[in-house]
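Reading the structure
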Amino acid sequence: MEHLLEIDAISKHFGGLKALENVSFTMDRGEILGLIGPNGAGKTTLFNLITGRYPVTSGTIRYNGKDLSGMGPSQVAAMGIGRTFQIVRPFAGLTVITNVMIALGVSHYAGFWNSVSRYRTPASLKAARKILARVGIAGYAQQKSENLPLGLKKHLEIARALALRPSLILLDEPAGGLRKEEMDRLIGLVREINGEGTSVLVIEHNMPVVMQLCKRIVVLDHGTKIAEGPPEAIRNNRQVVEAYLGRTGDA
Amino acid sequence: MSAYAMTVSITIGIYVILAISLNIITGYAGQISLGHAAFFGIGAYASGMLATRLGAPFFACLPFAVVVTGAVGAILGIPCLRVKEDFLAITTMGINFVVQAIFLYIPFFGGALGIANIPAPSIHGAEMTKSAYLAMVLLFVLFAILVDGWLTRSWAGLALASIREDETAAEMSGVNITRFKVVAFVLGSAMAGLAGSLYAHFMSFISAADFGFTESIVILSMVVFGGIGTLRGPIIGAIILGLAPELFRPVLDYRTFVYGTMLVLLMRFQPQGLLGLDSFIVRNAKRIFTRRAA
Ligand SMILES: Nc1ncnc2c1ncn2[C@@H]1O[C@H](COP(=O)(O)OP(=O)(O)OP(=O)(O)O)[C@@H](O)[C@H]1O
Ligand SMILES: [Mg+2]
């Protein structure tokens, strides 16, 4: 059976800067795959390529065997790839439930009659509430999303990604900026979502979090893949250790 | 009702439609436009020219104006798709100047003389009275309100809100932002075209000077003053700012000064406008009502 996600010899250049250079790896269904690397390694750029935000310079990305090149972000989202952002970007002025509604609309934005139909139906409200309850923020449904604390904003972003009914979600530093308890809640949530059948590709700087969540890790440095394997092997990989110590002594 | 009061009411009705239409583009979809009068003008010219050159009846001219303006809105929307904020403001302003210059300098559009003798609508050969015209304008205001209400309750309206809030997050949530920006431009432009047609057949004479940048600012002031992003805001804004020059003559003479100053002050102290979400009045009204209920 084909892989869920296949990153095949991907390069991305911004002018002279090689943000990614000939990176390849695959991801299987049901997996939580970690993506780590020092600042500026190209991790977020890879997310932006997968989600169609930027075109690749060369290489192919296949999802369920389908080539994603030439697809825009909304098409990729409609195919079932959800994502969160390193710096959270909720629809700040809208309520929490409306944030989720927007992503639930993914199946309504295509046809004319579909998009002119009412969005507040008992069915859509029920679906949105269910997703909010799933990530544990049902009590905040009517709050303006900009008023949530960071931890809950991150839960909201996951809720919004789940509303796409994704088979793959991309999490960009989900634990970043969170306190210990918030972090534990979030890790628990990611595990549960994965247990329900959604594959997860997670960028994370916090090593204990990565080691807890992932059975397999891909390491990027300076735009190239320098290692891939289980947490134990990665921890003891000389190149990885040097990459971290060499650039940011405090990482 | 005096003829004068009717004239003022018709003018305000047309402004209400204009403010509602601009609010779709700028308030709901978050795409700033400083050139809305261009579409008002395109509608007026399309309607007036079809009537005077081909002798078409008003009830054919009006839908023609709506379709033409909507189509031009789609075409002129294209350069607006790739630019944001300040650049979009300048682009739309540029569109306004270009459209106005075309009306003024291309002989086909009547040049400096504009389009004269646009007939008033007639029903069964009898010319529509002023009160009938007012009733018709009010029906179209109602129509604009219904379209607006339908839009904000639809998935399309939700898509526009997501674009206004965060384009990147919107795309990643499955919203085709190009498509829905075009939807906003077309709908807003077409509605401005409707207002243009009503204006042309009411005034019977139109010229390029009626549709300049100043007029765009007047429409934008109404939207911002009343409360951008709501339906009640542009309606109230158009009524108050439409009435102000009638009640207080100096406002007419110094219109650009008064509106300009008002815009600056609003942006500084009350960007939500009079009745926008979270505006001073709405917040306090809510507080009073919740206290009563408690
Ligand atoms: N849109 C862009 N235009 C130009 N350069 C970019 C762009 N996006 C990213 N880069 C550059 O590409 C490189 C990789 O950036 P990226 O954001 O992918 O790193 P990262 O691994 O996510 O780092 P961090 O851990 O700090 O988030 C950086 O040098 C960055 O400045
Ligand atoms: Mg990053």
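Structure: above.
Take the overall build of chain A next. Scanning chain A for helices and strands turns up 10 helices and 10 strands. Over its C-alpha atoms chain A spans a radius of gyration of 18 Å, differing by no more than 12% from the 18 Å that the globule rule assigns to 251 residues. When the backbone C-alpha atoms are referred to their principal axes, chain A occupies close to 55 × 40 × 35 Å. Looking at chain A residue by residue over its 251 residues, the buried ones come to 54%.

Moving on, we get to the interface of chain A and chain B. Each partner contributes to the interface: chain A provides 32 residues, whereas chain B provides 25 residues. Both sides of the chain A and chain B interface together cover about 2400 Å² of buried area, and 66% of this is carbon and sulfur. When the buried area of chain A at its contact with chain B is split by residue, Phe91, Tyr109 and Tyr119 of chain A rank highest and sum to 28% of it. At the boundary of chain A with chain B, the tally comes to one salt bridge. Put simply, chain A and chain B have 13 residue pairs in polar contact (both at pLDDT 80 or more) between them. Those elements that provide at least two residues to the side of chain A that touches chain B are α2 (73–78), α3 (96–104) and α4 (112–115) of chain A. Considering every element that reaches the side of chain A that touches chain B, the biggest residue donor is α3 of chain A, with five residues.

Once that is clear, we can look at the site of ligand 1. Residues and elements named next belong to chain A. Close to ligand 1 lie 14 residues, the nearest being Gly40, Lys43, Thr44, Thr45 and Gln86. One nitrogen or oxygen atom from the side chain of Tyr54 is found 3.0 Å from a nitrogen atom belonging to ligand 1. Against a free-state accessible area of 640 Å², the protein chains account for coverage of 65% of ligand 1. Counting only elements with at least two residues in the shell around ligand 1, the list comes to β2 (17–27) and α1 (43–50). Of the residues contributing to the shell around ligand 1, the split by class is five nonpolar, seven polar and two charged.

Within this structure, the stated rule accounts for 17 aromatic pairs over all chains. Seen from their ring centres, Phe112 of chain A and Trp113 of chain A are 5.0 Å apart, and the 80 degrees between their planes marks the pair as edge-to-face. When sorted by exposure, Phe112 of chain A lands in the same class as Trp113 of chain A, which is exposed. The interplanar angle of 50 degrees and the centroid separation of 6.5 Å between the aromatic rings of Phe58 of chain B and Tyr133 of chain B together place this pair among those described as tilted. Of this pair, Phe58 of chain B sits in helix α3 (residues 58–81) while Tyr133 of chain B sits in helix α5 (residues 130–153); the two residues are 75 residues apart in sequence, bridging distant segments of the chain.

Once that is clear, we can look at α5 of chain B. All names here are of chain B. The first and last C-alpha atoms of α5 sit 35 Å apart over 24 residues, in line with the 34 Å expected at 1.5 Å per residue. The set of residues buried in α5 consists of Tyr133, Leu134, Met136, Val137, Phe140, Val141, Ala144, Val147, Asp148, Gly149 and Leu151. Buried-residue contacts for α5 involve α1 (3–28), α3, α6 (155–165) and α8 (177–203).

Cut-offs and rules
- Residues numbered from 1 in each chain as written.
- Chains lettered and ligands numbered in written order.
- Predicted model: local features only at pLDDT ≥ 70, side-chain atom pairs only at ≥ 80, totals over all residues.
- Heavy atoms only, no water.
- Helix = DSSP H or I, 4+ residues; strand = E, 2+ residues; numbered from the N terminus.
- Rg over C-alpha atoms; globule rule 2.2 N^0.38 Å.
- Buried < 20%, exposed > 50% of the residue type's maximum accessible area, 1.4 Å probe, protein only.
- Contact = heavy atoms within 4.5 Å.
- Buried area = accessible area lost by both parts, 1.4 Å probe.
- Salt bridge = Lys/Arg side-chain N within 4 Å of Asp/Glu carboxyl O.
- Polar contact = N/O pair within 3.5 Å; in protein donor to acceptor, adjacent residues only side chain to side chain.
- Near = heavy atom within 4 Å.
- Areas by Shrake-Rupley, 256 points an atom, 1.4 Å probe, with all protein chains shown as cover.
- Nonpolar A, V, L, I, M, F, W, Y, C, P; charged D, E, K, R; others polar.
- Phe/Tyr/Trp six-rings, centres within 6.5 Å; stacked < 30°, edge-to-face > 60°.
- Expected span 1.5 Å × (residues − 1).

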